Amino acid sequence: VAIFSKGLRAECVGTGVKVTDVQPGDVGTNLIVANTDKEAAEKMGVSIGEKIAGERNSVLDVADIASAVLYALTAPAHVGVHELLIEPRDQMWGDPTALG
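These numbers come from a predicted model, not from an experiment.

Engineer: Looking at this model, I keep getting lost on the overall build of the protein. Mind explaining?
Structural biologist: Across its full length, the protein holds three helices and two strands. The order of helices and strands in the protein, counted from the N terminus, is α-β-α-α-β. With 100 residues in all, the protein has 21% of them scored as buried. Considering only contacts in the protein between residues 6 or more positions apart, those separated by 24 or more positions represent 55%.

Engineer: Please clarify how the pairing of strand β2 (residues 83–86) should be interpreted in this entry.
Structural biologist: Along any regular strand, the residues point their side chains to alternate faces of the sheet. A one-sided burial pattern is seen for β2, the buried positions being Leu 84 and Ile 86 and the unburied ones Glu 83 and Leu 85. Looking at chain direction, strand β1 (residues 21–24) and β2 are connected through four bridges and run parallel. By the bridge assignment for β2, Val 22 is matched with Leu 84.

Engineer: Would you mind showing me how to read the environment of Thr 74 here?
Structural biologist: Inspection of the secondary structure puts Thr 74 in helix α3 (residues 62–74). A distance of 2.8 Å separates the side chain of Thr 74 from the backbone oxygen of Leu 70, its partner in a polar contact.

Engineer: What's the story with the side chain of Arg 9 in this structure? I'm lost.
Structural biologist: You can see Arg 9 is positioned in helix α1 (residues 2–11). In this structure, Arg 9 is buried with no salt-bridge partner, the nearest side chain bearing the opposite charge being Glu 83 at 5.5 Å. Within the structure, Arg 9 has its side chain in polar contact with the backbone oxygen of Val 19 (distance 3.2 Å). Not counting residues within four places of it along the chain, the set of residues in contact with Arg 9 comprises Val 19, Asp 21 and His 82.

Engineer: How do you make sense of the side chain of Ser 5 when you look at a structure like this?
Structural biologist: On the secondary structure map, Ser 5 appears in helix α1. A relative accessible area of 8% means that Ser 5 is categorised as buried. Once residues lying within four places of it in the same chain are set aside, the contact partners of Ser 5 are Val 19 and Asp 21.

Engineer: Could you clarify how one ought to interpret the pattern of salt bridges in this entry?
Structural biologist: When their charged atoms lie close together, side chains carrying opposite charge are able to pair. For the structure shown, the criterion picks out one salt bridge. Arg 89 is the salt-bridge partner of Asp 90, the closest N and O atoms lying 3.0 Å from each other.

Conventions we followed
- Residues numbered from 1 in each chain as written.
- Predicted model: local features only at pLDDT ≥ 70, side-chain atom pairs only at ≥ 80, totals over all residues.
- Heavy atoms only, no water.
- Helix = DSSP H or I, 4+ residues; strand = E, 2+ residues; numbered from the N terminus.
- Buried < 20%, exposed > 50% of the residue type's maximum accessible area, 1.4 Å probe, protein only.
- Contact = heavy atoms within 4.5 Å.
- Pairing = 2+ DSSP bridges.
- Polar contact = N/O pair within 3.5 Å; in protein donor to acceptor, adjacent residues only side chain to side chain.
- Lys, Arg positive; Asp, Glu negative; His and termini not counted.
- Salt bridge = Lys/Arg side-chain N within 4 Å of Asp/Glu carboxyl O.

Structure, rendered in structure tokens:
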């Protein structure tokens, strides 16, 4: 997605169209409720059928992501917000499933 966004952004130079790549970290949602991959759930330390939650500094609220996107959308016309990498303060950068 990041490479696609960069390519699209390059194609839109001079058109007034803005392209923002939104990269959210761990967000407290009910997405895991529909998950059926038990191995992935175990690696992430979550239970299938339960909403993702955690300590305040380890999981973002949906509103945190919405606020960041709103910032990108309402930035002045001359400002390009190319990437939004927004993660909980205590989230380890990268793929947590790679830890084993």
